[in-house]
Amino acid sequence: FASVDVGTGQHLCQELLLGPSMRGRTRIVATQPNSGRLRQFDKILLLEEGRVMEAGTPEEVLATDAFARLQERDGKERAGDGPRRKTQDATWTFGAEAVAKVCEKKAGEKGTELREAEDQDHITWDTVKWWCRAAGYWNLVVFFSCIFVARGCDLYQTVVIATWINNKMEGDVNDRWYMLQIILRTLLSMSLHIFTMWAASQVAISASKTIHQTIVHTLLRAPIDRFFDKQPIG
């Protein structure tokens, strides 16, 4: 709910979590200490420093001192003046500074380097090689072979027409023979162009499928502090 506005958050809560599609199912929701929203749930577990501090019905938990402290701390975090606290390996402040320090500690690099890497849009040979593997080498061979044969067939047909004209100027020729060749070459050329379009579709489908699977696989396994805490660019 923290990433959406109030109206959208209320809609998600009422129509999704408490809506008919989820009715009769057990729902486990991790959310902010919003008393109005928490009153709509059956049971609340209040966590602090990774430990369960309070558990019970909304009326019981909302009346505890632990919930009051959590609300106060949440309000300070949102205001940007959260208190400093010391963990086992670092001292940090709530908010953007904490995220930056965790990123630098885990990745061993500055937080801006990820942004710079994502902003690069030039194509390298490694990118081309990866795309060729995604499209399938056999699909590419078939596609380019079809293009080569189709262009050769078109060129041969032009040669046949030119030869027919030259022979026609020099004397009588068998017109039916040349017309038959042109018709056969035209049919062959049309078939090759259709097969070329089919081969191109196979290349595109194979590459798109691999790219889609790779993106989904990468997104679902992206470290929380290295991707999802940043706004997308471009």
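Let us look at the structure shown here. What you are looking at is a predicted structure, and each value in this text was computed from that prediction instead of being measured.

1. Structural notes on the pattern of salt bridges
Applying the stated criterion across every chain, the model contains 3 salt bridges. Of the charged contacts, one joins Arg 73 and Glu 48 as a salt bridge, the two residues approaching to 3.8 Å between their closest N and O atoms. Of this pair, Arg 73 sits in helix α4 (residues 65-79) while Glu 48 is found in strand β1 (residues 44-48), placing the two residues 25 residues apart along the sequence. Under the relative-accessibility criterion, Glu 48 is labelled buried at 15%. We note a salt bridge from Lys 168 to Asp 175, for which the minimum N-O separation is 2.8 Å. Judged by its relative accessible area of 46%, Lys 168 falls in the partly exposed class. Exposure remark for Asp 175: the relative accessible area of 25% places this residue in the partly exposed category. A network of salt bridges, in which partner residues are shared, links Glu 48, Arg 69 and Arg 73.

2. Things to note about the nonpolar core
Ala 135, Leu 140, Val 142, Phe 143, Cys 146, Ala 199, Val 203 and Ala 207 together form the largest nonpolar core, which totals 8 residues. Taken together, the elements giving at least two residues each to this core come down to α8 (137-170) and α9 (175-220). The element contributing the most residues to this core is α8, with 4 residues. Contact partners of Phe 143, with chain neighbours within four places excluded, come to Thr 196, Ala 199, Ala 200 and Val 203.

3. Observations regarding the pairing of strand β2 (residues 51-56)
Strand direction decides the pairing type here: β1 and β2, joined by 5 bridges, are antiparallel. Following the sheet pairing, Glu 48 is matched in β2 by Arg 51. In this antiparallel pair of consecutive strands, β1 and β2, the connection spans 2 residues, and Glu 49 shows a positive phi of 60 degrees.

What counts as what
- Residues numbered from 1 in each chain as written.
- Predicted model: local features only at pLDDT ≥ 70, side-chain atom pairs only at ≥ 80, totals over all residues.
- Heavy atoms only, no water.
- Salt bridge = Lys/Arg side-chain N within 4 Å of Asp/Glu carboxyl O.
- Helix = DSSP H or I, 4+ residues; strand = E, 2+ residues; numbered from the N terminus.
- Buried < 20%, exposed > 50% of the residue type's maximum accessible area, 1.4 Å probe, protein only.
- Core = buried A, V, L, I, M, F, W, Y, C linked by side-chain atoms within 4.5 Å.
- Contact = heavy atoms within 4.5 Å.
- Pairing = 2+ DSSP bridges.

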